[in-house]
Amino acid sequence: MQASADELKILARIADLDTASTRAEKEITQLEQPAKIDEIRAKLEGVKKKRAEIEAMLKAAQDKFDQLAEEDADLEKRAAEVQHKIDTTEGDHRIIGSLTADLAAIVERREKLDEQMTELDAKSDEISKVAAQAGQAVAQISATEQGLIKSYKEQAGELRSASLTAQDEKKQLSAKLSSEILQAYETARKAAGGIGLAHLQDASCSVCRTQIDENKLLQLEAEAPLTNCPFCKRLLIVDKE
Ligand SMILES: [Zn+2]
(Lines give C-alpha, C1' and ligand atoms only; values in the text may rest on other atoms or scores of the structure.)
Protein backbone atom coordinates (compact mmCIF):
# COMPACT_ATOMS: atom_id res chain seq x y z
CA MET A 1 0.00 0.00 0.00
CA GLN A 2 1.28 3.45 -0.86
CA ALA A 3 1.93 5.91 1.95
CA SER A 4 4.12 8.96 2.27
CA ALA A 5 6.65 9.35 5.07
CA ASP A 6 4.31 11.93 6.60
CA GLU A 7 1.37 9.55 6.44
CA LEU A 8 3.40 6.82 8.12
CA LYS A 9 4.33 9.24 10.89
CA ILE A 10 0.71 10.29 11.34
CA LEU A 11 -0.38 6.65 11.36
CA ALA A 12 2.17 5.81 14.05
CA ARG A 13 0.98 8.77 16.12
CA ILE A 14 -2.66 7.69 15.73
CA ALA A 15 -1.76 4.19 16.90
CA ASP A 16 -0.04 5.70 19.97
CA LEU A 17 -3.11 7.86 20.67
CA ASP A 18 -5.41 4.83 20.41
CA THR A 19 -3.16 2.95 22.82
CA ALA A 20 -3.16 5.89 25.26
CA SER A 21 -6.94 6.24 25.06
CA THR A 22 -7.54 2.51 25.52
CA ARG A 23 -5.11 2.39 28.44
CA ALA A 24 -6.81 5.33 30.17
CA GLU A 25 -10.26 3.75 29.73
CA LYS A 26 -8.93 0.47 31.10
CA GLU A 27 -7.34 2.23 34.05
CA ILE A 28 -10.72 3.75 34.91
CA THR A 29 -12.22 0.27 35.19
CA GLN A 30 -9.24 -0.79 37.33
CA LEU A 31 -9.52 2.04 39.86
CA GLU A 32 -9.69 0.56 43.34
CA GLN A 33 -12.21 3.02 44.80
CA PRO A 34 -15.52 1.48 43.62
CA ALA A 35 -14.83 -1.84 45.36
CA LYS A 36 -13.59 0.00 48.45
CA ILE A 37 -16.66 2.24 48.44
CA ASP A 38 -18.93 -0.83 48.33
CA GLU A 39 -16.98 -2.35 51.18
CA ILE A 40 -17.10 0.79 53.31
CA ARG A 41 -20.82 1.29 52.65
CA ALA A 42 -21.53 -2.21 53.94
CA LYS A 43 -19.43 -1.41 57.01
CA LEU A 44 -21.21 1.92 57.47
CA GLU A 45 -24.59 0.21 57.32
CA GLY A 46 -23.49 -2.22 60.03
CA VAL A 47 -22.23 0.57 62.30
CA LYS A 48 -25.37 2.65 61.73
CA LYS A 49 -27.52 -0.34 62.67
CA LYS A 50 -25.46 -0.83 65.83
CA ARG A 51 -25.80 2.88 66.64
CA ALA A 52 -29.59 2.69 66.22
CA GLU A 53 -29.69 -0.27 68.62
CA ILE A 54 -27.62 1.61 71.19
CA GLU A 55 -29.82 4.70 70.85
CA ALA A 56 -32.92 2.55 71.34
CA MET A 57 -31.37 1.12 74.52
CA LEU A 58 -30.59 4.63 75.73
CA LYS A 59 -34.13 5.78 75.05
CA ALA A 60 -35.56 2.76 76.89
CA ALA A 61 -33.37 3.53 79.93
CA GLN A 62 -34.37 7.20 79.84
CA ASP A 63 -38.07 6.35 79.45
CA LYS A 64 -37.84 4.01 82.42
CA PHE A 65 -36.08 6.74 84.42
CA ASP A 66 -38.81 9.26 83.55
CA GLN A 67 -41.47 6.78 84.58
CA LEU A 68 -39.79 6.21 87.96
CA ALA A 69 -39.26 9.97 88.44
CA GLU A 70 -42.96 10.53 87.80
CA GLU A 71 -43.90 7.89 90.37
CA ASP A 72 -41.44 9.49 92.82
CA ALA A 73 -42.97 12.94 92.30
CA ASP A 74 -46.45 11.51 92.94
CA LEU A 75 -45.19 9.80 96.09
CA GLU A 76 -43.57 13.02 97.27
CA LYS A 77 -46.92 14.78 96.97
CA ARG A 78 -48.70 11.92 98.76
CA ALA A 79 -46.11 11.95 101.54
CA ALA A 80 -46.71 15.65 102.07
CA GLU A 81 -50.47 15.02 102.20
CA VAL A 82 -50.09 12.18 104.68
CA GLN A 83 -47.70 14.25 106.78
CA HIS A 84 -50.23 17.06 106.75
CA LYS A 85 -52.97 14.68 107.94
CA ILE A 86 -50.69 13.40 110.70
CA ASP A 87 -49.99 16.97 111.77
CA THR A 88 -53.64 17.96 111.75
CA THR A 89 -55.20 14.79 113.18
CA GLU A 90 -55.73 15.16 116.84
CA GLY A 91 -56.08 12.45 119.40
CA ASP A 92 -56.97 9.35 117.41
CA HIS A 93 -53.90 7.17 117.79
CA ARG A 94 -55.19 4.47 115.49
CA ILE A 95 -55.59 6.87 112.61
CA ILE A 96 -52.20 8.44 113.30
CA GLY A 97 -50.64 4.98 113.52
CA SER A 98 -52.17 3.99 110.19
CA LEU A 99 -51.02 7.27 108.58
CA THR A 100 -47.54 6.83 109.99
CA ALA A 101 -47.41 3.32 108.51
CA ASP A 102 -48.54 4.77 105.13
CA LEU A 103 -45.82 7.36 105.33
CA ALA A 104 -43.19 4.74 106.16
CA ALA A 105 -44.32 2.65 103.16
CA ILE A 106 -44.05 5.73 100.92
CA VAL A 107 -40.57 6.53 102.23
CA GLU A 108 -39.51 2.93 101.70
CA ARG A 109 -40.83 2.94 98.13
CA ARG A 110 -39.13 6.26 97.40
CA GLU A 111 -35.82 4.89 98.68
CA LYS A 112 -36.20 1.95 96.34
CA LEU A 113 -37.04 4.30 93.47
CA ASP A 114 -34.02 6.46 94.28
CA GLU A 115 -31.80 3.39 94.12
CA GLN A 116 -33.28 2.33 90.78
CA MET A 117 -32.99 5.83 89.34
CA THR A 118 -29.34 6.08 90.41
CA GLU A 119 -28.68 2.76 88.70
CA LEU A 120 -30.52 3.87 85.57
CA ASP A 121 -28.62 7.13 85.55
CA ALA A 122 -25.30 5.30 85.65
CA LYS A 123 -26.52 2.89 82.96
CA SER A 124 -27.62 5.80 80.75
CA ASP A 125 -24.19 7.41 81.16
CA GLU A 126 -22.53 4.17 80.06
CA ILE A 127 -24.85 3.76 77.09
CA SER A 128 -24.34 7.42 76.14
CA LYS A 129 -20.59 6.85 75.98
CA VAL A 130 -21.05 3.84 73.70
CA ALA A 131 -23.55 5.81 71.59
CA ALA A 132 -21.02 8.63 71.23
CA GLN A 133 -18.37 6.11 70.13
CA ALA A 134 -20.79 4.67 67.57
CA GLY A 135 -21.54 8.20 66.37
CA GLN A 136 -17.82 8.89 65.97
CA ALA A 137 -17.37 5.63 64.07
CA VAL A 138 -20.21 6.58 61.70
CA ALA A 139 -18.67 10.02 61.15
CA GLN A 140 -15.23 8.54 60.53
CA ILE A 141 -16.43 5.90 58.09
CA SER A 142 -18.60 8.48 56.29
CA ALA A 143 -15.56 10.75 55.93
CA THR A 144 -13.54 7.85 54.48
CA GLU A 145 -16.39 7.11 52.07
CA GLN A 146 -16.53 10.76 50.96
CA GLY A 147 -12.75 10.80 50.51
CA LEU A 148 -12.90 7.71 48.31
CA ILE A 149 -15.70 9.19 46.21
CA LYS A 150 -13.75 12.41 45.78
CA SER A 151 -10.50 10.68 44.79
CA TYR A 152 -12.38 8.37 42.41
CA LYS A 153 -14.03 11.32 40.69
CA GLU A 154 -10.69 13.09 40.38
CA GLN A 155 -8.75 10.10 39.06
CA ALA A 156 -11.50 8.87 36.75
CA GLY A 157 -12.00 12.45 35.54
CA GLU A 158 -8.30 12.85 34.72
CA LEU A 159 -8.18 9.52 32.90
CA ARG A 160 -11.35 10.27 30.96
CA SER A 161 -9.98 13.65 30.02
CA ALA A 162 -6.70 12.06 28.85
CA SER A 163 -8.69 9.58 26.77
CA LEU A 164 -10.82 12.32 25.21
CA THR A 165 -7.77 14.47 24.46
CA ALA A 166 -6.15 11.53 22.67
CA GLN A 167 -9.35 10.86 20.72
CA ASP A 168 -9.58 14.52 19.74
CA GLU A 169 -6.03 14.58 18.43
CA LYS A 170 -6.66 11.33 16.57
CA LYS A 171 -9.72 12.85 14.92
CA GLN A 172 -7.72 15.83 13.72
CA LEU A 173 -4.86 13.65 12.45
CA SER A 174 -7.24 11.22 10.74
CA ALA A 175 -8.31 13.99 8.38
CA LYS A 176 -4.74 14.09 7.10
CA LEU A 177 -4.68 10.40 6.13
CA SER A 178 -6.05 8.86 2.96
CA SER A 179 -9.31 7.06 3.60
CA GLU A 180 -7.72 3.88 2.27
CA ILE A 181 -5.00 3.90 4.94
CA LEU A 182 -7.38 4.97 7.65
CA GLN A 183 -9.87 2.25 6.80
CA ALA A 184 -7.14 -0.40 6.58
CA TYR A 185 -5.91 0.69 10.00
CA GLU A 186 -9.35 0.72 11.64
CA THR A 187 -10.22 -2.66 10.16
CA ALA A 188 -6.98 -4.16 11.44
CA ARG A 189 -7.46 -2.54 14.85
CA LYS A 190 -10.97 -3.93 15.25
CA ALA A 191 -9.93 -7.39 14.05
CA ALA A 192 -6.92 -7.44 16.38
CA GLY A 193 -8.91 -6.14 19.34
CA GLY A 194 -7.13 -2.86 20.05
CA ILE A 195 -3.67 -2.58 18.51
CA GLY A 196 -3.94 -2.08 14.75
CA LEU A 197 -0.41 -1.14 13.75
CA ALA A 198 2.87 -3.00 13.86
CA HIS A 199 6.36 -2.44 12.51
CA LEU A 200 8.62 -4.88 10.75
CA GLN A 201 11.59 -5.24 13.07
CA ASP A 202 14.44 -7.69 12.53
CA ALA A 203 12.25 -9.72 10.18
CA SER A 204 9.53 -10.00 12.85
CA CYS A 205 6.20 -8.35 13.48
CA SER A 206 6.73 -5.95 16.39
CA VAL A 207 3.36 -6.84 17.93
CA CYS A 208 2.71 -10.56 17.36
CA ARG A 209 6.49 -11.24 17.30
CA THR A 210 6.19 -13.84 14.57
CA GLN A 211 9.41 -14.38 12.64
CA ILE A 212 8.79 -13.87 8.94
CA ASP A 213 10.56 -16.20 6.48
CA GLU A 214 12.65 -15.07 3.53
CA ASN A 215 9.94 -15.54 0.89
CA LYS A 216 7.28 -13.65 2.77
CA LEU A 217 9.81 -10.98 3.65
CA LEU A 218 10.48 -10.36 -0.04
CA GLN A 219 6.73 -10.08 -0.62
CA LEU A 220 6.33 -7.62 2.26
CA GLU A 221 9.18 -5.51 0.98
CA ALA A 222 7.51 -5.43 -2.41
CA GLU A 223 4.38 -4.11 -0.75
CA ALA A 224 6.32 -1.55 1.34
CA PRO A 225 5.97 0.87 2.96
CA LEU A 226 2.59 -0.33 4.22
CA THR A 227 1.12 -3.83 4.24
CA ASN A 228 -0.39 -6.32 6.67
CA CYS A 229 1.36 -8.75 8.95
CA PRO A 230 0.71 -12.17 7.32
CA PHE A 231 0.05 -13.64 10.79
CA CYS A 232 -1.83 -11.14 12.95
CA LYS A 233 -3.13 -9.12 9.97
CA ARG A 234 -2.23 -5.84 11.66
CA LEU A 235 -1.24 -2.99 9.40
CA LEU A 236 2.51 -3.35 9.08
CA ILE A 237 4.96 -0.54 8.40
CA VAL A 238 7.89 -1.86 6.42
CA ASP A 239 10.79 0.55 6.61
CA LYS A 240 12.99 0.30 3.58
CA GLU A 241 16.63 0.19 4.49
ZN1 LIG B 1 1.86 -9.63 13.46
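What counts, and at which threshold
Residues numbered from 1 in each chain as written. Predicted model: local features only at pLDDT ≥ 70, side-chain atom pairs only at ≥ 80, totals over all residues. Helix = DSSP H or I, 4+ residues; strand = E, 2+ residues; numbered from the N terminus. Rg over C-alpha atoms; globule rule 2.2 N^0.38 Å. Buried ≥ 20, exposed ≤ 12 C-beta atoms within 10 Å, placed from the backbone. Contact = placed C-beta atoms within 7 Å. Domains from an automatic or database assignment. Nonpolar A, V, L, I, M, F, W, Y, C, P; charged D, E, K, R; others polar. Core = buried A, V, L, I, M, F, W, Y, C linked by C-beta atoms within 7 Å. Expected span 1.5 Å × (residues − 1). pLDDT = per-residue confidence, 0-100. Arc of directions from axis to C-beta.

(A) View of the overall build of the protein chain. Along its length, the protein chain carries 5 helices and 4 strands. The secondary structure elements of the protein chain, listed N-terminal to C-terminal, are α-α-α-α-β-β-α-β-β. In terms of overall dimensions, the protein chain is more spread out than a globule: its C-alpha atoms have a radius of gyration of 43 Å, far above the 18 Å expected for 241 residues. Among the 241 residues that make up the protein chain, the fraction classed as buried is 13%. Taking as baseline every contact in the protein chain between residues at least 6 positions apart, the subset at least 24 positions apart corresponds to 72%.

(B) View of the domain arrangement of the protein chain. If you check the domain split of the protein chain, you get domain 1 (5–10 + 17–21 + 178–237) and domain 2 (31–174). Computed from C-alpha atoms alone, the centre-to-centre distance between domain 1 and domain 2 is 70 Å. Partitioning the side of domain 1 that touches domain 2 into residue classes produces 4 nonpolar, 1 polar and 1 charged.

(C) Examining the nonpolar core more closely. One finds Leu 11, Ile 181, Tyr 185, Leu 197, Leu 235 and Leu 236 to be the most contacted residues of the largest nonpolar core, which totals 21 residues. Put simply, the parts of the chain that give this core at least two residues each are helix H1 (5–30), helix H4 (179–192), strand S1 (197–201) and strand S4 (235–237). A total of 5 residues in this core trace back to one element, the largest contributor, which is H1. Ignoring sequence-local partners within four residues, the contact set of Leu 197 consists of Leu 11, Ala 12, Ala 15, Tyr 185, Arg 234, Leu 235 and Ile 237.

(D) Expanded view of helix H3 (residues 93–174). Here H3 spans 117 Å end to end across 82 residues, near enough to the 122 Å set by a 1.5 Å rise per residue. Listed in full, the buried residues belonging to H3 are Ile 106, Leu 120, Leu 148, Leu 159, Ser 163 and Ala 166. Contacts from the buried residues of H3 go to H1 and helix H2 (33–88).

(E) Fine view of the confidence of the model for the protein chain. When pLDDT is averaged along the protein chain, the result is 95, and 99% of the positions lie at 70 or above. Across the protein chain, the element-wise mean pLDDT spans from 94 in helix H5 (residues 214–223) up to 97 in H3.

(F) Region of the structure containing unusual backbone geometry. Following Ala 224, the chain continues into Pro 225 via a peptide bond in cis, with omega recorded as 10°. Here Ala 203, not a glycine, exhibits a phi torsion of approximately 60°, which is positive. Counting through the fold element by element, Ala 203 comes out in the loop between S1 and strand S2 (204–205). Unlike most non-glycine residues, Lys 233 shows phi in positive territory, near 70°. Secondary-structure assignment places Lys 233 in the loop between strand S3 (226–228) and S4.

(G) The arrangement of H4 in detail. With 14 residues, H4 extends 19 Å from end C-alpha to end C-alpha; this agrees with the ideal 20 Å at 1.5 Å per step. Within the sequence span of H4, burial applies to Ile 181, Ala 184, Tyr 185 and Ala 188. Considered in projection along H4, the buried side chains sweep an arc of 100° and stay on one side of the axis. Facing away from the buried surface of H4 by more than 90 degrees, the exposed residues are Ser 179, Gln 183 and Lys 190. Looking at the buried side of H4, the elements it contacts are H1, S1, S3 and S4. Gly 193, located one to two residues past H4, shows a positive phi value of around 70°.

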